[in-house]
Structures are given as structure tokens and as C-alpha cells.
Amino acid sequence: MDFTTIKSNLEARGYRVSIHKTAADATRYLDTAINGKTVGFGGSVTLDVMGVYETLSAHNDCFWHWRPRDGRTEKELRDCGNAAEVYLSSVNGIAETGEIINIDGTANRVAAILYGHERVYLVVGKNKIAPDYEKALWRARNIASPKNAHRLGVKTPCAVSGDRCYDCKSKGRICRTLSVLWDKPNGADIEILLIDEALGY
Ligand code: SF4
């Protein structure tokens, strides 16, 4: 995939951008870039399949509510992750024009991306890229969220049919918050890793 346009649009909005041919290349890159840090992880199938937690844990202090540790509750692990020096996440949609979309149920991930870390890395497979803001938002709502609902086994209309968002009123609704990064927040240090493979939802 040609990342020239999205790279230059993201850089114009203040992000650092690196491009990786494979997920394994991106994992090696993070392994070199992050050392001796406390590291928090947002819920992410992308990071899960890449094995980033296992790789970084060898020489960093990592916290992820998807990985039990020291008898801590999921909430304690989320809290530690949100207070970490470095934070890692993927995104639910990213526009070639540079807008970044995330939908969250607990909101720890969107909160952590927005503020509070020395550096944030957003790890993005090519399947997350849409041509513009509207289509990136549509993708996050109608592709990423139904697939996540299905993965979580919640009782929502999208989890059953998987075809689109029904803007449900279900108790199990996983889409409770939406964040849009129009530009990099002031003072934030955010790097976006673009990977030439389909990863996550
Ligand atoms: S709002 Fe409800 S129907 Fe729509 S994607 Fe989220 S959980 Fe599914």
C-alpha cells in the first residue's frame, strides 16, 4: 500500500509517523524504541496478535488488563496502564486526511490516548485506513464495533448479525464514548506506526 498521502497528512497535523512492511517489523521497532519504561496497553486485537506485551515485558514494566499480573484486578491494571510513561493502542479508524477515531466502552483507552503520557504509540494495520473523516467514523461504528461486540459475546443486535451498528440501547452496548483526534493535542508526543498488513478490526 502507498502510505505517502496519509503519512504527509498526519505529519502536517503534528504526529510522528513510521512505516512498516510487516507486523513483525513493527514489533521489533517498538522493542528497540521502548526500554526501561512503565508501559500501558489499551484493549487491542492488533497488539494482541503482534505479541507486543510479551516482547516489551522482557525489559519494561507493562500493564494490560488483558494480561493478569500480580493478582491485580482489571481496573487496577487499567489504572496502572493509564498512569504509565508510555501508552500503546491501535485505532478504530483513521482517515487518509489525518483524523483518528476511537470508540470505547470503559473509556480508559480513549482517555489514555488523549492525555497523560510521555509518549503514545498508535499501531495501525492498513485495514483501518479510510479515505476521509466521514468514512473513518463510519468504519469505526459499522465495522470495528460490531466485530468487537461479536468478540466480546455481548447481547447486542450487531453482535448477532455483524453487518452494521444499530445504535442500540442494549445494556451490553460497547460503544459508549467516541474520541476524534482532529490534530495532535498540544504538548502530546504521538507516533503512528502504519503497517502494510491487515491487523485487528
Ligand atoms: S452501538 Fe450497539 S449496535 Fe452499534 S456497534 Fe455499538 S454495541 Fe453494536
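Quick summary incoming for the structure in this document. (Residues numbered from 1 in each chain as written. Predicted model: local features only at pLDDT ≥ 70, side-chain atom pairs only at ≥ 80, totals over all residues. Heavy atoms only, no water.)

1. Quick look at the overall build of the protein
Okay, step 1: In terms of helices and strands, the protein carries eight helices and 10 strands.
Okay, step 2: In terms of overall size, the protein behaves like a compact globule, its C-alpha atoms giving a radius of gyration of 16 Å where 201 residues would be expected to give roughly 17 Å.
Okay, step 3: For the protein, the spread of C-alpha atoms along the three principal axes comes to 45 × 45 × 30 Å.
Okay, step 4: The buried share of the protein, reckoned over its 201 residues, is 48%.
Okay, step 5: Residue pairs in contact within the protein that sit at least 24 positions apart in sequence constitute 70% of those at least 6 positions apart.
Okay, step 6: Summed over all atoms, the accessible surface of the protein reaches about 9400 Å², with 52% contributed by carbon and sulfur.
Okay, step 7: Both charge centroids of the protein, one from 27 positive and one from 25 negative side chains, sit 6 Å from each other. (Helix = DSSP H or I, 4+ residues; strand = E, 2+ residues; numbered from the N terminus. Rg over C-alpha atoms; globule rule 2.2 N^0.38 Å. Buried < 20%, exposed > 50% of the residue type's maximum accessible area, 1.4 Å probe, protein only. Contact = heavy atoms within 4.5 Å. Areas by Shrake-Rupley, 256 points an atom, 1.4 Å probe, with all protein chains shown as cover. Lys, Arg positive; Asp, Glu negative; His and termini not counted. Charge placed at Lys NZ, Arg CZ, Asp CG, Glu CD.)

2. Re helix α2 (residues 23-33)
In an α-helix, one turn spans 3.6 residues, which is why side chains three or four residues apart end up on the same side.
Okay, step 1: The complete set of buried residues in α2 reads A23, A26, T27 and L30. Seen from one end, α2 has its buried residues packed into an arc of 100 degrees, which puts them on one side. Seen from the buried face of α2, the exposed residues on the opposite side, beyond 90 degrees, are R28 and T32.
Okay, step 2: Next to the buried residues of α2 lie β1 (16-20), α3 (45-50), α4 (52-57), β4 (86-89), β7 (119-125) and β10 (190-195). (Arc of directions from axis to C-beta.)

3. A closer look at unusual backbone geometry
Okay, step 1: Positive phi, normally seen in glycine, also occurs at D70, with a value near 55 degrees.
Okay, step 2: Mapped onto the elements of the fold, D70 is located in the loop between β3 (61-63) and α5 (74-82).
Okay, step 3: With a relative accessible area of 56%, D70 lands in the exposed category.
Okay, step 4: At A107, a residue that is not glycine, the phi angle is positive and equals roughly 80 degrees.
Okay, step 5: Positionally, A107 belongs in the loop between β6 (100-104) and α6 (108-114).

4. Comments concerning the sheet that holds β6
Okay, step 1: Taking strand neighbours across the sheet as the criterion, the four strands line up as β8-β5-β6-β9 in an open arrangement whose pairing is mixed. What marks the edges here is a single partner per strand, and that holds for β8 (129-130) and β9 (177-181).
Okay, step 2: Where β6 and β9 come together, five bridges link them in antiparallel fashion. For I103, the partnering residue across the bridge sits in β9 and is L178. (Pairing = 2+ DSSP bridges.)

5. A word on the nonpolar core
Okay, step 1: Within the largest apolar cluster, 20 residues are counted, with the highest numbers of intra-cluster contacts made by F41 and L88.
Okay, step 2: Going through the elements one at a time, α2, β2 (38-41), α3, α4, β4, β7 and β10 are the ones with two or more residues in this core.
Okay, step 3: Each residue touching L88, except ones within four places of it in the same chain, is listed here: L30, I34, V39, G40, F41, G42, L47, V52, L56 and Y121.
Okay, step 4: Of all hydrophobic cores here, the second largest spans 19 residues; its members include F3, Y15, Y87 and V120. (Core = buried A, V, L, I, M, F, W, Y, C linked by side-chain atoms within 4.5 Å.)

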